[in-house]
Amino acid sequence: MVGIVSYGAYIPIYRLSRDAIGAMWMKSLGRGEKAIANADEDSVTMGVEAVLDCLNGMDRQQVDALYFATVSPPYVEKQSASIIRAAADLREDVLTIDIAHSLRGAGSALQLATDAVKAGSAKKVMVATAECRIPAPNSEFEAIFGDGAAALLIGDSDVAAAIEGSYHLSSEFVDVWKKPQDTYMQTWEDRFLRDEGYMKILPQAALALLKKHGVSPKSISKAAFYGPDARTHASIAREIGLDSKTQVQSPLFDSVGNTGTALAPMTLVAALEEAKPGDKILYATYGDGADAFLLKVTEQIEKVRDRRGIKRHLASKLMLPGYGKYVEIRELMEWEAGRRPARRSSLPAIWRDRQHLFALYGQKCRVCGNIQYPKQRICMYCQTKDNFELIRLSDKKGTVFTFSMDERAMEVVLPKVFTVVNLDDGGRFYSVMTDRDTSKVQVGMKVEMTFRIQLDAAGLHNYFWRVRPVRC
């Protein structure tokens, strides 16, 4: 039996209300809010968060492959999955693949993972998705698009939701597109896209799947599928023959927004959080066709409840003070030229220290047992030379020992909070605190690690670990 062994998700802490967007453009944009990735986040860092949530309490060395689906990668030519693998501290000999160019990528990745496990080329495959699309200001997309991520671990043992079947439909239909030289996504008149695309393609795939397996729409416990907006999503449900009040999992439009490639997987994670053994789940992705899957929940679902998932991330949030801060975070304006020297980076230094930068390995002295970071040849406690063992620090929590705030630092979200942390199992870590309410920062507060963009320099995203208040 092949299926979902574990699940995880991530929602950025910042939210922007649609009232704030509407106030900027002097128009009503409806209710709710959307999730906004922080200035130090992108699709890779959010993918790392979802993968680590999915692997909570599990052996990371068992993962044999990582497939990452997004249409908003940080690099056009440079794999994102390899960065996620390194930060999540998975084995180097795993197969990493980026799946891009279509919002249907999450469904494609799930099918590839299922086939790999069935064929025996992998025992466990991580399917991760994340999206951080930048919509044009004052466009219809601006009020709708949100940021988020999800991850599913696929395997053939300890399966929490068995994949009973799938149906795939390819279509050359064009609804949303972005050419290499485009700054923003382009689209067509919405009635045409709705009537000829969304209302036909996804229902066709879903109904063909149910017919193939002799399952009626009435017997579906929950459906988790893509839709561009709340109205069209409800119409798709009716077209399939589903009761939108009892059978359809909320797609989070009012609380997170349309997270593109990650929308259907995040909705599926929300459904799994509430699922009971025996439930049948219809899961479908859309874009250049549709991928539909029929899942059956098993007793194992009770053993993977301890994820942050959707519920706990939704409850943990900070509101952006207004549209202006959103413009800063998304770099939507050309700003005054900086008065400080440009930041520097070094690929040889990043490569030399990659194990300490991406997976955040410190070292433990084999003589006195003290943990130290960054790496060094001489133990600062007992002066032993070159006698250390590596120890991963990225999954450690800690306590703020001291901190300072810099209002003039080169940082989008000021003040920049420099923090010294005493790690729970020993060792001290100096970093920047992110995702924080500065009025609540204090000595003694509990913090955890989070993989972020430390700085952009030399045309590179320089990733590293920051600390944040324990999220949820």
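You'll find the structure just up there.
Being a predicted model, the structure only gives us computed values, none of them experimental.

(A) Representation of the packing of aromatic side chains in the model. Using the criterion set out here, one finds 14 aromatic pairs in the structure. On the numbers, 5.8 Å between centres and 80 degrees between planes, the contact of tryptophan 25 with tyrosine 323 is edge-to-face. You can see tryptophan 25 sitting in helix α1 (residues 18-25) and its partner tyrosine 323 sitting in helix α10 (residues 323-330), a full 298 residues away along the chain. By relative accessible area, tryptophan 25 is classed as partly exposed at 27%. Seen in terms of ring centroids, phenylalanine 418 and tyrosine 430 are 6.5 Å apart; in terms of plane orientation they differ by 15 degrees. Their pairing is stacked.

(B) Region of the structure containing the sheet that holds strand β2 (residues 14-17). The strand order across the open sheet built from 3 strands is β3-β2-β14, with neighbouring strands paired in mixed fashion. Two strands bound the open sheet, and with one partner strand each, they are β3 (33-36) and β14 (318-319). Where α10 meets the sheet, it contacts β2 and β3, and its direction lies at approximately 30 degrees from that of β3.

(C) Region of interest: the pairing of strand β12 (residues 280-286). Of all 7 residues in β12, 6 are buried; the element is thus mostly enclosed. Bridge count between strand β11 (residues 222-225) and β12: 4 bridges; the pairing is parallel. Looking at the pairing, lysine 222 lines up with isoleucine 281 of β12. The turn joining β12 and strand β13 (residues 289-297), which pair antiparallel and follow one another in sequence, is formed by 2 residues; a positive phi near 140 degrees is taken by glycine 287.

(D) Broad picture of the pairing of β3. In β3, alternate side chains face the same way, and those of Glu33 and Ala35 on one face and Lys34 and Ile36 on the other are all buried. As judged from the 4 bridges shared by β2 and β3, these two strands associate in the antiparallel manner. Among the inter-strand pairings, arginine 15 is bridged to a residue of β3, identified as alanine 35.

(E) Main features of unusual backbone geometry. Residue proline 374 is reached from tyrosine 373 by a cis peptide bond, and omega for that bond is 0 degrees. Of note, proline 374 is situated in the loop between β16 (371-372) and β17 (388-392). In this chain, leucine 414 is followed by proline 415 through a cis amide linkage whose omega measures -5 degrees. Its location among the elements puts proline 415 in the loop between β18 (397-406) and β19 (416-423). Positive phi values are uncommon outside glycine, yet glutamate 331 reaches one of about 55 degrees. When you line up the elements, glutamate 331 lands in the loop between α10 and α11 (347-352). Within the chain, leucine 360 stands out as a residue other than glycine whose phi angle is a positive 55 degrees. Looking at where leucine 360 falls in the secondary structure, it is placed in the loop between α12 (354-357) and β15 (361-365).

(F) Quick peek at the environment of serine 80. With respect to the helices and strands, the residue serine 80 is situated in the loop between β4 (65-69) and α3 (81-87). Looking at serine 80, the relative accessible area reads 1%, which means it is buried. Separated by 35 residues in the primary sequence, serine 80 and threonine 45 have C-alpha atoms spaced 9.7 Å apart. Leaving out residues up to four positions away in the same chain, serine 80 has contacts with Val44, Phe68, Pro73, Pro74 and Asp98.

(G) Structural context of the sheet that holds β15. If you trace the 3 strands from one edge of the open sheet to the other, you get β16-β15-β17, paired in antiparallel fashion. Edge positions in the sheet fall to β16 and β17, since each of these pairs with one other strand and no more.

(H) How the structure looks around the pattern of salt bridges. Taken as a whole and judged by the stated rule, the model has 32 salt bridges. Salt-bridge contacts for lysine 396 lead to aspartate 425; the nearest nitrogen and oxygen are separated by 3.4 Å. Taken together, the residues lysine 396 in the loop between β17 and β18 and aspartate 425 in the loop between β19 and β20 (428-433) connect sequence positions 29 residues apart. The salt bridge involving arginine 468 is made with glutamate 448; its shortest N-O contact spans 2.9 Å. Placement of arginine 468 in strand β22 (residues 460-469) and of glutamate 448 in strand β21 (residues 446-457) is noted, with a sequence separation of 20 residues between them. Take glutamate 448: its relative accessible area is 6%, and that puts it in the buried class. Among the charged side chains, a network of salt bridges with common partners joins Asp40, Glu41, Glu411, Lys416, Asp435, Arg452 and Arg466.

(I) Summary view of the nonpolar core. Grouped together as the largest cluster of nonpolar side chains are 75 residues, with contacts concentrated most on Ile154, Phe225, Leu242, Leu268 and Tyr283. Sort the elements by how many residues they give to this core and helix α6 (residues 190-212) lands first, with 9 residues. Among all residues touching leucine 268, those that are not within four sequence positions of it are Ile4, Leu152, Ala224, Ile281, Tyr283 and Leu295. One finds Ala37, Leu55, Ile84 and Tyr463 within the second-largest nonpolar core, a separate group that totals 52 residues.

Calculation criteria
Residues numbered from 1 in each chain as written. Predicted model: local features only at pLDDT ≥ 70, side-chain atom pairs only at ≥ 80, totals over all residues. Heavy atoms only, no water. Phe/Tyr/Trp six-rings, centres within 6.5 Å; stacked < 30°, edge-to-face > 60°. Helix = DSSP H or I, 4+ residues; strand = E, 2+ residues; numbered from the N terminus. Buried < 20%, exposed > 50% of the residue type's maximum accessible area, 1.4 Å probe, protein only. Pairing = 2+ DSSP bridges. Contact = heavy atoms within 4.5 Å. Axes fitted to C-alpha atoms, helices over the stretch in contact; angles between N-to-C directions. Salt bridge = Lys/Arg side-chain N within 4 Å of Asp/Glu carboxyl O. Core = buried A, V, L, I, M, F, W, Y, C linked by side-chain atoms within 4.5 Å.

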